[in-house]
Amino acid sequence: EYYAAFCKETGEIAGYAMTIVHDEWVNFAVAKFVPEHMKERVAAAMIYTIVYDYINVAGKRYVCDGERTIFHKTNMQGVEDGGVQGISRINFIGH
């Protein structure tokens, strides 16, 4: 499944992510963000939305982004609900 975030003012893409969905869990395969939009916390908003969708809506047990987040500090803490506006889910069927 694919997710994309768009700038509200210009409509241009600010970031995208691709996930691989398994029976009980989800893996982040790709997450890319436009550097100019990082100050708007687009990465935090998108990751919050993806985790919320899979854990709270789809009932998956966990979302995995690999081992690197276990071993170093990130700026992902403290994401509030208000930070997720402007995220749009995009589902592709086929290639």
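Before going into details, it helps to say that this report is about the structure given with it. Quick caveat: nothing in here was measured; it's all calculated off a predicted structure. (Residues numbered from 1 in each chain as written. Predicted model: local features only at pLDDT ≥ 70, side-chain atom pairs only at ≥ 80, totals over all residues. Heavy atoms only, no water.)

### Observations concerning the packing of aromatic side chains
For clarity, the cut-off: Between 30 and 60 degrees the pair is tilted, below 30 it is stacked and above 60 it is edge-to-face, where a pair is any two Phe, Tyr or Trp rings, Trp via its six-membered ring, whose centres lie within 6.5 Å. Labels follow the DSSP assignment, with helices taken as runs of H or I lasting at least four residues and strands as runs of E lasting at least two, numbered in each case from the N terminus. Residue burial is assigned from relative accessible area. The probe radius is 1.4 Å, only protein chains are included, and a residue is buried under 20% of its type maximum, exposed over 50%, and partly exposed in between.
A full pass over the atoms with the stated rule returns 3 aromatic pairs. Ring centres of Trp-25 and Tyr-62 lie 5.8 Å apart, and the angle between their planes is 15°; on these two criteria the pair is classed as stacked. Pair noted here: Trp-25 is in strand 3 (residues 25–33) and Tyr-62 is in strand 4 (residues 62–64), with a separation of 37 residues, a long-range link. Under the relative-accessibility criterion, Trp-25 is labelled partly exposed at 26%. Both rings, one in Tyr-48 and one in Tyr-52, keep their centres 6.3 Å apart while their planes meet at 15°; by these two values the pair is stacked. Taken as a pair, Tyr-48 and Tyr-52 lie in helix 1 (residues 42–57) at a separation of 4 residues, close to a single helical turn. Note on Tyr-48: relative accessible area 25%, which makes it partly exposed. Taking the relative accessible area as the measure of exposure, Tyr-52 reaches 41% and is therefore partly exposed.

### A few points about unusual backbone geometry
One non-glycine residue, Arg-41, lies in the positive phi region at around 60°. Position of Arg-41 relative to the elements: it lies in the loop between strand 3 and helix 1. Owing to a relative accessible area of 36%, Arg-41 belongs among the partly exposed residues under this scheme.

### Looking at the pairing of strand 1 (residues 2–6)
Put simply, the rule is: Should DSSP find at least two bridges between two strands, the strands are taken to pair.
Looking at chain direction, strand 1 and strand 2 (residues 13–21) are connected through 5 bridges and run antiparallel. Each residue of the ladder has a partner; that of Tyr-3, found in strand 2, is Ala-17.

### As for the nonpolar core
To be explicit about the condition: Among the buried residues, those of types Ala, Val, Leu, Ile, Met, Phe, Trp, Tyr and Cys that are joined through side-chain atoms within 4.5 Å form a nonpolar core. When checking whether two residues touch, look at their non-hydrogen atoms; a contact exists if any pair is within 4.5 Å.
Counting residues in each nonpolar core, the largest one holds 10 residues, listed as Tyr-3, Ala-5, Ala-14, Ala-17, Val-26, Phe-28, Val-42, Met-46, Ile-50 and Tyr-54. Listing elements by their share of this core, those giving two or more residues are strand 1, strand 2, strand 3 and helix 1. Here this core takes 4 residues from helix 1, the largest share from any one element. Ignoring anything within four residues of it in the chain, the contact list for Ala-17 reads Glu-1, Tyr-2, Tyr-3, Phe-28, Val-30, Ala-31, Met-46 and Ile-50.

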